[in-house]
Amino acid sequence: MFEKEIYVHRRRELSSKFSSGVLLFLGNIENPINFEHNTYPFRQDSSFLYYFGIKSPKLAAVVDIDAGETLLFGDEMTIDDIVWMGQQQTLREKAQWVGIAAVRPFHELQPYLEKVLKNSNQVRYLPPYQAHNKLLLQHVLGLSIDQIKPSVEMIQAVVTQRNIKATEEIAELEKAVDVAVDMHRLAIKMTRPGMHEYEISNAIQHLAQNRQMSFSYPPIVTKHGRYYTIISNIIK
């Protein structure tokens with residue numbers, strides 16, 4: 001998480017591209033593997049992280065252009081959550097860290113957006129890729145699945161802004177590159193005839209986790225990969 005002023009500035013810059021309406025951002029949820037409480041590792045939506053910096057699941061945020069305010073919709077931890085995960089920052093505390101004063105329960109998102117639409121204001125949103133968020137958009141905006149139309153104007157504004165990396169972003173990218181280089185060097189150094197691919201995969205994942213980093217996608221470690229065949233053919 002960056003400094004509060006960075007997130008406030010990002011939202012202010014995005015808001016300046018629009019004259020009215022609201023910008024709706026949907027966070028991701030925890031997706032179950034084989035039952036509800038056994039989930040895949042959680043990864044927050046990248047655009048939600050960029051503008052709001054909160055990694056918790058099941059959140060939504062609204063940037064209200066006309067009112068000049070940002071609202072965060074989500075629920076505080078229940079006693080069951082605290083027993084399972086331990087005491088953590090409250091949602092309101094997390095919101096304060098990124099410069100958001102208005103926090104509302106998640107169930108208030110729908111009536112809030114209904115009021116916006118009733119006043120003939122436009123609700124803009126980015127393309128949803130999680131099935132849950134597609135269903136959520138249907139619910140909170142009263143749409144059928146074929147009526148979900150992401151805002152091209154909002155997409156272009158977000159892409160234009162995120163395309164130019166700030167100093168703090170470049171520093172994080174360079175950290176990731178350094179770890180990726182060390183992973184490749186480790187894989188090259190330890191590879192020997194008769195080894196199994198999983199031994200290499202385990203080692204590089206261990207290195208990344210020791211640096212407090214996670215993979216953006218599962219590692220591809222194989223002696224039969226098409227990529228390596230292509231490179232070999234090019235070298236020849």
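Quick note: structure is the one above.
Predicted, not measured: the structure shown is a model, and the values here were computed from it.

Structural notes on helix α8 (residues 167-190)
Okay, so step 1: A rise of 1.5 Å per residue sets the reference length of α8, with its 24 residues, at 34 Å; its end C-alpha atoms lie 35 Å apart and thus fit the reference within 8%.
Okay, so step 2: Turning to α8, its buried residues number three or more, namely Glu169, Val179, Met183 and Ala187.
Okay, so step 3: Taken together, the buried residues of α8 touch α1 (4-15), α2 (46-52) and α9 (197-210).

Overview of α9
Okay, so step 1: Given a rise of 1.5 Å per residue, 14 residues ought to cover 20 Å, and the 20 Å separating the end C-alpha atoms of α9 matches this to within 8%.
Okay, so step 2: Among all positions of α9, only Ile200, Ser201, Ala203, Ile204, Leu207 and Ala208 are buried. Down the axis of α9, the smallest arc covering the buried residues is 165°, so these residues share one side. Away from its buried face by more than 90 degrees, α9 exposes Tyr198, Gln209 and Asn210.
Okay, so step 3: Where α9 is buried, its residues contact α8.
Okay, so step 4: Phi turns positive, to about 60°, at glutamine 212, one or two residues after α9.

With respect to the packing of aromatic side chains
Okay, so step 1: Scanning all chains against the criterion turns up seven aromatic pairs.
Okay, so step 2: Between the aromatic rings of phenylalanine 25 and tyrosine 51, the centroid separation amounts to 5.3 Å while the plane-to-plane angle is 45°, which identifies the pairing as tilted. With a gap of 26 residues between them, phenylalanine 25 in strand β1 (residues 22-26) and tyrosine 51 in helix α2 connect regions that are remote in the sequence. With respect to burial, phenylalanine 25 and tyrosine 51 carry one shared label: buried.
Okay, so step 3: Ring geometry for phenylalanine 73 against tyrosine 112: centres 5.6 Å apart, planes inclined by 55°, an arrangement best described as tilted. Of this pair, phenylalanine 73 sits in strand β5 (residues 69-73) while tyrosine 112 sits in helix α5 (residues 109-118); the two residues are 39 residues apart in sequence, bridging distant segments of the chain. Exposure class is identical for phenylalanine 73 and tyrosine 112. Each is buried.
Okay, so step 4: Linked through ring pairs, Phe25, Phe48, Tyr50, Tyr51 and Phe52 together constitute an aromatic cluster.
Okay, so step 5: The ring of phenylalanine 106 carries the charged tip of lysine 58 above its face, separated from the ring centre by 5.5 Å.

Describing the pairing of strand β2 (residues 32-35)
Okay, so step 1: Both β2 and strand β3 (residues 38-39) contribute to a ladder of two bridges, which runs antiparallel. Considered in β3, the bridge of phenylalanine 35 is made with asparagine 38.
Okay, so step 2: From the end of β2 to the start of β3, which pair antiparallel, there are two residues.

What about the packing of α8 against α9?
Okay, so step 1: For the pair α8 and α9, interaxial distance at closest approach is 9 Å and the crossing angle is 150°. Considering their axes alone, α8 and α9 lie roughly antiparallel with respect to each other. The interaxial crossing formed by α8 with α9 has right-handed handedness. Every residue of α9 that contacts α8 at Val179, Asp182, Met183, Leu186, Ala187 and Met190 is listed here: Glu199, Ile200, Ala203, Ile204, Leu207 and Ala208.

Concerning the pattern of salt bridges
Okay, so step 1: Tallied over the full model, the rule gives four salt bridges.
Okay, so step 2: Residue arginine 124 is joined to glutamate 153 by a salt bridge in which the shortest nitrogen-to-oxygen separation is 3.3 Å. Here the residue arginine 124 occupies a position in strand β7 (residues 123-125), and glutamate 153 occupies one in helix α7 (residues 152-163), the gap between them amounting to 29 residues.
Okay, so step 3: The class of glutamate 153 is partly exposed, set by a relative accessible area of 39%.
Okay, so step 4: For aspartate 182, the salt bridge identified is with arginine 211, shortest N-O distance 3.1 Å. Linking aspartate 182 in helix α8 with arginine 211 in the loop between α9 and α10 (226-235), this pair joins segments that are 29 residues apart in sequence.

With respect to the pairing of β1
Okay, so step 1: In terms of burial, β1 is largely enclosed, as five of its five residues are buried.
Okay, so step 2: Pairing of β1 with strand β4 (residues 60-64) involves five bridges; the strand directions are antiparallel. If you follow leucine 23 over to β4, its bridge partner there is valine 63.
Okay, so step 3: Examined bridge by bridge, β1 and β7 share three bridges and lie parallel to one another.

Procedures and definitions
Residues numbered from 1 in each chain as written. Predicted model: local features only at pLDDT ≥ 70, side-chain atom pairs only at ≥ 80, totals over all residues. Heavy atoms only, no water. Helix = DSSP H or I, 4+ residues; strand = E, 2+ residues; numbered from the N terminus. Expected span 1.5 Å × (residues − 1). Buried < 20%, exposed > 50% of the residue type's maximum accessible area, 1.4 Å probe, protein only. Contact = heavy atoms within 4.5 Å. Arc of directions from axis to C-beta. Phe/Tyr/Trp six-rings, centres within 6.5 Å; stacked < 30°, edge-to-face > 60°. Lys NZ or Arg CZ within 6 Å of the ring centre and 35° of its normal. Pairing = 2+ DSSP bridges. Axes fitted to C-alpha atoms, helices over the stretch in contact; angles between N-to-C directions. Parallel < 35°, antiparallel > 145°, perpendicular 65-115°, else oblique. Left-handed = near helix turned anticlockwise from the far one by under 90°. Salt bridge = Lys/Arg side-chain N within 4 Å of Asp/Glu carboxyl O.

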